[in-house]
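So you can see what is in the structure, the chains are spelled out below.
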Amino acid sequence: MSQTILRGGLVLPLDGSEDWHNPGAVCFEDGTITYVGRVEGAPPAQPDAVVVDCRDRLVLPGLINTHTHTGMTYFRNLLEDLPSAGWFRCEQQAEQLMSREDVYWAALLGAHEMLRQGITTIADRFSHMDVIVEALAHAGIRAVVAPSLVDRDAGMRKRQALALLEQYGTSGDGLIHVGLGPVGPDTCSTELLRWTREQADRTGALIFIHLAQSQQELAEIRRRGYDGAARYLDAIGFLGPDVVAAHCIYLDEEEVALLGARGVRVAHCPASNAKIEGRVAPVLALDREGVRIGLGTDCAASNNGMDLLGEMKTAGLLHKVAACDPEVMDTRRLLSMATGDAAACLNLAERAGSLAPGKEADVVTVRRDALHLQPWHDPHAGLVYAARGADVCDVWVAGQPRVRDGQLLAGDAGEAIGRAAAWAERHGPALRAQRLSTGG
Ligand SMILES: [Zn+2]
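Residues numbered from 1 in each chain as written. Predicted model: local features only at pLDDT ≥ 70, side-chain atom pairs only at ≥ 80, totals over all residues.

1. A look at the overall build of the chain
Thought 1: Counting its regular elements, the chain contains 15 helices and 18 strands.
Thought 2: Taking 440 residues into account, the globule formula puts the C-alpha radius of gyration at 22 Å, and the chain, at 21 Å, falls close to it.
Thought 3: Counting only C-alpha atoms, the chain reaches 65 × 50 × 45 Å along its principal axes.
Thought 4: Each of the 440 residues in the chain was classed as buried or not, and the buried ones make up 52%. (Helix = DSSP H or I, 4+ residues; strand = E, 2+ residues; numbered from the N terminus. Rg over C-alpha atoms; globule rule 2.2 N^0.38 Å. Buried ≥ 20, exposed ≤ 12 C-beta atoms within 10 Å, placed from the backbone.)

Laid out in structure tokens, this is it:
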């Protein structure tokens with residue numbers, strides 16, 4: 001058995017209690033957490049144990065990103081200050097320039113970036129998911145992946161989705177499992193959405209869909225004769241507690257209640273919504289209807305990074321401004337949206353999202369000794385409003401080390417960076433010119 005003991009840190013289990021242990025300890029053996037508590041109560045170190053001195057660190061569960069697209073990491077810093085329709089048009093032009101090899105390396109870059117910043121689990125979706133899944137498995141990040149389903153090439157996409165479902169399953173027993181990924185109510189026919197519902201019922205896969213994301217989507221739904229995307233999906237029998245809907249910006253009050261009644265989960269991406277639509281999703285109203293909400297960074301093209309510590313702060317600030325109320329969206333709630341609530345959104349609550357014996361050892365440490373983090377009156381507040389992804393020191397996924405002392409252990413991060421730079425050099429000038437002619 002391989003035992004790891006994180007000793008002496010300020011341990012934040014984020015298990016729904018207000019507790020923290022200081023000085024605390026977390027132990028794990030063969031990928032499973034065996035102890036969380038005060039350092040005095042920790043089990044003795046076995047002769048071959050790895051013991052990590054965490055006296056100047058905070059120890060917390062790995063963060064969970066409920067919506068991202070690692071395959072789009074090469075579009076970072078490319079799509080700024082565009083109208084919504086122009087953003088989507090330019091993004092699609094950029095997508096056309098991605099070979100399968102490019103997609104692999106973009107996904108690897110994104111996975112490394114997230115691991116480095118303490119994200120241990122992601123819900124990822126894009127085309128070429130058969131390639132992306134190899135990159136994610138290679139990086140060693142926990143992921144539920146949803147291959148994109150749209151009307152274009154629908155037959156081929158359905159076959160690919162079923163093949164991946166067959167290969168990786170839907171249980172979450174391994175690091176990778178598979179969901180269904182209809183892109184949106186406007187880009188999928190009613191037939192394709194009904195097929196997705198049937199497959200979800202048959203396999204137990206979660207459904208990941210963009211919902212009420214843009215004005216263009218709303219216009220298409222109105223052409224189909226429905227006043228609202230959520231209302232349309234409900235009318236065709238699509239909504240249910242296995243649906244994880246990203247964005248949910250353009251919902252009226254009745255649709256907010258509808259999502260609550262159907263048990264739909266929401267992946268909330270505040271930075272992306274602000275950037276592409278200039279909007280804040282009605283999260284406080286969704287809260288009142290009991291909707292489960294996880295936080296998502298969305299992709300590097302719409303954020304421009306994948307840092308959930310930063311995303312918590314963005315969410316807190318945006319909702320305080322939107323509500324004209326500084327008391328809403330407190331720090332505990334924000335942390336839960338990136339840990340426990342996010343795990344529940346992805347059907348991973350029994351495995352991840354908090355530090356507790358029996359859970360998978362997805363564990364992160366954050367430095368406490370930096371200038372910009374002093375003093376630590378309240379670790380919850382420090383994490384949400386002062387710390388950033390770059391403050392993450394160590395990361396384990398299922399007990400396996402991915403980051404030590406702020407350094408990724410993967411040997412190919414440098415190659416991933418070099419390939420991204422080469423792609424930008426090759427395609428950047430043409431994409432920027434296209435943006436000027438068609439986007440802005
Ligand atoms: Zn998305």
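2. Quick look at the domain arrangement of the chain
Thought 1: As assigned here, the chain comprises domain 1 (3-60 + 361-408) and domain 2 (63-345).
Thought 2: Inter-centroid distance (C-alpha atoms) of domain 1 to domain 2 is 29 Å.
Thought 3: Domain 1 puts 20 residues into the contact, and the matching count from domain 2 is 24 residues.
Thought 4: Taken together, the elements giving at least two residues each to the side of domain 1 that touches domain 2 come down to α14 (379-386), β16 (392-397) and β17 (400-404). (Domains from an automatic or database assignment. Contact = placed C-beta atoms within 7 Å.)

3. Some details on the environment of M72
Thought 1: Along the polypeptide, M72 turns up in the loop between β6 (63-68) and α1 (84-96).
Thought 2: With 36 residues separating them in the primary sequence, M72 and V36 have C-alpha atoms 37 Å apart.
Thought 3: Contacts of M72, omitting those with residues within four sequence positions, involve A106, F126, C299, A300 and A301.

4. Here's the deal with helix α2 (residues 100-116)
Thought 1: Relative to the 24 Å expected for 17 residues at 1.5 Å per residue, α2 spans 24 Å between its end C-alpha atoms, a close match to the ideal helical length.
Thought 2: Burial within α2 is extensive, with 15 of its 17 residues counted as buried.
Thought 3: A positive phi of about 85° marks G118, the residue just after α2. (Expected span 1.5 Å × (residues − 1).)

5. Topic: the sheet that holds strand β11 (residues 207-211)
Thought 1: Reading across the sheet, the four strands line up as β11-β12-β13-β14 and stay open at both edges, with parallel pairing between neighbours. In this open sheet, the two strands that pair with only one neighbour each are β11 and β14 (293-295). Averaged over all adjacent pairs, the angle separating strand axes in this sheet is 30°, with direction ignored.
Thought 2: In the sheet, strand β13 (residues 265-268) pairs with β14 via three bridges, with the strands oriented parallel. The partner of H268 across the bridge, within β14, is L295. (Pairing = 2+ DSSP bridges. Axes fitted to C-alpha atoms, helices over the stretch in contact; angles between N-to-C directions.)

6. Focus on the nonpolar core
Thought 1: V26, V59, L136, V145 and A245 are the most contacted members of the largest nonpolar core, which totals 138 residues.
Thought 2: Ranked by residues supplied to this core, first place goes to α2 with 10 residues.
Thought 3: Each of two domains, domain 1 (3-60 + 361-408) and domain 2 (63-345), supplies a minimum of three residues to this core.
Thought 4: When near neighbours in sequence (up to four residues on either side) are disregarded, L136 contacts A107, A111, D124, I141, A143, V145 and I176. (Core = buried A, V, L, I, M, F, W, Y, C linked by C-beta atoms within 7 Å.)

7. Considering the pairing of strand β5 (residues 57-61)
Remark: a regular strand shows side chains that alternate across the two faces of the sheet.
Thought 1: Most of β5 is tucked away: five of the five residues are buried.
Thought 2: Both strand β1 (residues 3-11) and β5 contribute to a ladder of two bridges, which runs parallel. In the sheet register, V11 faces β5, and the bridge partner there is V59.
Thought 3: Of the pairings in the sheet, the one linking β5 to strand β15 (residues 363-367) comprises five bridges and is antiparallel in character. Pairing of P61 across the sheet is with V363, part of β15.

8. Quick word on the environment of R57
Thought 1: Of note, R57 is situated in strand β5.
Thought 2: R57 gets classed as buried once you count the C-beta atoms within 10 Å, which come to 23.
Thought 3: Sequence spacing of R57 and D391 is 334 residues, and the spatial spacing of their C-alpha atoms is 9.9 Å.
Thought 4: When neighbours within four sequence positions are excluded, R57 is seen to be in contact with G9, T365, V366, R367, R368 and C393.

9. Observations concerning the packing of α2 against helix α3 (residues 129-139)
Each packed pair of helices is defined by two parameters, the angle between the axes and the distance between the axes.
Thought 1: With their axes 8 Å apart at the nearest point, α2 and α3 run at an angle of 35° to one another. Note that α2 runs across α3; the crossing there is right-handed. Packed against α2, whose contacting residues are R100, V103, Y104, A107, L108, A111, H112 and L115, the element α3 presents V131, I132, E134, A135, L136, H138 and A139 at the interface.
Thought 2: Split by residue class, the contact of α2 with α3 holds 11 nonpolar, two polar and two charged. (Left-handed = near helix turned anticlockwise from the far one by under 90°. Nonpolar A, V, L, I, M, F, W, Y, C, P; charged D, E, K, R; others polar.)

10. Points about the packing of helix α9 (residues 270-277) against helix α11 (residues 308-323)
Thought 1: Interhelical geometry of α9 versus α11 gives an angle of 65° and a closest axis separation of 8 Å. Contacts between α9 and α11 pair P270, A271 and A274 from the former with E311, T314, A315 and L318 from the latter.
Thought 2: Tallied by class, residues from the contact of α9 with α11 come to five nonpolar, one polar and one charged.

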